[in-house]
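# Fold and geometry: a report
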Amino acid sequence: MPSPRSPLSRLFTVLLAGVLAGLVLAVAVLPGNLLGGFVAKAALGAYAELPDSLRTPAQPQRSYLYANDGKTLITTFYDVNRTDVPLAEIAPVMRQAIVAAEDRRFYSHGGADLRGLARALVANVTGGGTEQGGSTLTMQYVRNVLKTDPTRTAEERQAATDQTIGRKLQEIRYANALEKTLGKDEILNRYLNIAYFGSGAYGVAAASQRYFGKPPADLTLAEAALLAGLVQAPDAYSPISGDKDQALARRAYVLDAMAETGAISTQQAAAAKAEQLTLHPTAQPNGCTALAGGHDDWGYFCDYLRQWWLAQPAFGDTVKEREQALRRGGYTVITSLDPKIQQTAQQQATAVYGYDNKRALPVAAVEPGTGRVLAMAVNRHYSLADNPAGQSNHPNTVNPLISGGASVSGYQAGSTFKLFTMLAALEAGKPLATGFDAPAKLPTRYASDAEGNCGGKWCPANANPEWMDGYRMMWDGYGRSVNTYFVWLAEQVGEDKVVEMAQRLGITFRASSDAAFAKNDAANWGAFTLGVAATTPLDLANAYATVAAEGTYCAPLPVLSVTAANGEKVDVGQPSCKQVLDPDVARAATDAARCPVGQQSAYGQCNGGTATSVDRIVGRPVAGKTGSSEQNATETFVGFTPQVAVAGIAANPDDSTDLVGSAVQAKVIDAVARIIRTAVDGKPVRDFAAPSPELAGNPQRPEPKLPPQLQDQQDQSLPNLLRWFQNRSRG
């Protein structure tokens, strides 16, 4: 039943009827050529006054995010669920249905159908049946544009629907002006792209997907008639959230109207009216917590992309403007996310720790030479859903556990930071063959009252003295992860140079204590080389990707391309890269990084590694480094080939005192290696370039000398000597 009208509404109708009755009378008595000239002149004058939104439509449209194949939908962003489509992509029956339902004289009037408007007003005043509107499609289009124009104030948008004679007359003037400058098909197309069809769907493309799960080009006669019937009272008639019987009654009305206009036969109308209502409701994903296909594991990448977007001046001068551009601008974004790599990364992260485990394995994959982020995974659901009692951050969270930011400063990555010491030393002219007889514990210049100090001085120790102590060069010092060698090397170079190197490769100090140390006292940050600063898998992967790209640093980039609603490319998809290392320095560091993963350097100096299973899993040239923080609070592995760098850090994001333990290191290594294998699958095998002989140095080891305890002849028995040499060969 139609809703009863208020006395004010009836009064407005009576007054408007009187005004428009005068217009109708004028139409009847004025000579045709005089009237035509008057209308044309008025229309042209009105066109000059048209708002820009009516001249060039800039209505809110949803933006689409796709994976790197350009086809796999990640999500959409919108305030208004709407997407423009050209008229050619709208089924002819849909065009015919909307004309028959809303404006049968559309192709013969000049924007305002005065006879139809007066007829509707007379019917409304006399109260005969359903209230009639009398507005043409062109007038409705004008009203829809003005009430949704994002460039207008809220008061101006509200005024576009006010029940005033002035507003209605302005609507008529604007409609006449548009009809003089635009073709009928263009107006019809614009109308179909902005009309509200209920259930949150604006425009026929969104409505077709919302109700029937198909594009508007595939609409059947019965489906088109149902949609056309909704625009009179979208929310009341919506078969999803409103009255299905009313929706079917309106469908029947539209089909009869189409038959009366000759668009279809009476037999076609009867057959369509007999069809059962079959809906395939499709909820359009919106934002990062409602992703397509239920892929909540893509949410962390989606959120990273959104944060990147909000920092791009190309989308607005302020964060608010950029957010509005994403949600209303109708952009098509081809992201860098690789679904295949992402799937493996998620599988591996959850294989190490389940979704409900308080510990996490955040993982990131980056492409060297471009900085494009290929995958971001962690054993969490990207969701705002509540967690069970006592579980603060699992299984659901939207915190940036992989990229850092907000409340997440990162995790200690242990000996993976030895890379920065090695790079600083190489850059200072120290070759890979730089040797040092690394002791089990190394007294330093730093005062310490901690347990295990050496005479009041900080003295770091090797985790496995029998295997690590002894004469080391960068190759085996890195391969065996010898703490005392790298603390000594950092002292030779200057700890501030090591910190600067890390920052140069993109390590960001998000923890305030780390940032303060780096800014004010980097020269005295002796433990930095052991990875005591917090970092993230994304920063770490990208730092190692810089080495893989022979010294070319590229800012992390989550997109391949961004296209505006008008089809123009936005200049934001290109990598932002710069050379931050001499290529030979990067090659030398890579040569040493072959040792930890069980491969051999170009100079044959690898003699043991902490992640030798990687060679077998990846099966092609690869490099990398393990990292264990103090007491095995975290366990890290980062590996790379020329085509991909992947980092994973096992940690408890909520409690740094919860030690993950050394036993998980092998699982982290295995997980990262398998992600690398997926990333390079099908790609040509590429080897690393060897460093120059100058940076390799003269890799000759001194003859081993007998220790003091074996100097006496009586201790130089064959068993004692054999045992000593065996220990030396392992170290």
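Above this text sits the structure in question.
No experiment lies behind these values; they were computed from the predicted model shown.

Right, let's talk about the overall build of the protein for a bit. In terms of helices and strands, the protein carries 29 helices and 20 strands. Per-residue burial for the protein yields a buried fraction of 53% across its 731 residues. By sequence separation, contacts in the protein at least 24 residues apart represent 70% of the contacts at least 6 residues apart. Of the roughly 30,700 Å² of accessible surface on the protein, 51% is carried by carbon and sulfur atoms.

A water-sized probe, rolled over the atoms, reveals where empty space remains. Put simply, the second largest pocket is a space of about 890 Å³. Taken together, 31 residues form the lining of the second largest pocket, with Ala461, Asn483, Leu530, Ser629 and Glu630 sitting closest to its centre. Among the elements that make up the lining of the second largest pocket, the one with the highest residue count is strand β18 (residues 623-628) (four residues). The residue inventory of the lining of the second largest pocket, partitioned by class, reads 10 nonpolar, 17 polar and four charged.

Across the sheet, which stays open at both edges, the five strands sit in the order β2-β1-β5-β15-β16 with mixed pairing between neighbours. Two strands lie at the open edges of the sheet, namely β2 (73-77) and β16 (569-570), each paired on one side alone. Examined bridge by bridge, strand β5 (residues 332-335) and strand β15 (residues 559-563) share four bridges and lie antiparallel to one another. Across the sheet, the residue bridging to Val333 is Val562, located in β15. Its contacts with the sheet put helix α15 (residues 299-309) on β1 (63-66), β2, β5 and β15, and the angle it makes with β5 is roughly 120 degrees.

In terms of nonpolar packing, the biggest core is built from 106 residues, with Phe420 and Met422 touching the most fellow members. In terms of residue count, the dominant contributor to this core is helix α24 (residues 537-548) (eight residues). Leave out the neighbours within four places in its chain, and Met422 touches Leu432, Met474, Tyr478, Phe486, Leu489, Ala589 and Ala592. Residues Val85, Leu146, Leu221 and Ala272 belong to the second largest nonpolar core, which totals 61 residues.

Cut-offs used in this document
Residues numbered from 1 in each chain as written. Predicted model: local features only at pLDDT ≥ 70, side-chain atom pairs only at ≥ 80, totals over all residues. Heavy atoms only, no water. Helix = DSSP H or I, 4+ residues; strand = E, 2+ residues; numbered from the N terminus. Buried < 20%, exposed > 50% of the residue type's maximum accessible area, 1.4 Å probe, protein only. Contact = heavy atoms within 4.5 Å. Areas by Shrake-Rupley, 256 points an atom, 1.4 Å probe, with all protein chains shown as cover. 1 Å grid on protein atoms, 1.4 Å probe; cavity = no way out; pocket = protein on both sides within 12 Å on 5 of 7 lines; lining within 4 Å. Points joined across faces, edges and corners; volume = space filled by probe spheres on them. Nonpolar A, V, L, I, M, F, W, Y, C, P; charged D, E, K, R; others polar. Pairing = 2+ DSSP bridges. Axes fitted to C-alpha atoms, helices over the stretch in contact; angles between N-to-C directions. Core = buried A, V, L, I, M, F, W, Y, C linked by side-chain atoms within 4.5 Å.

What is shown is where atoms sit, not what they do.
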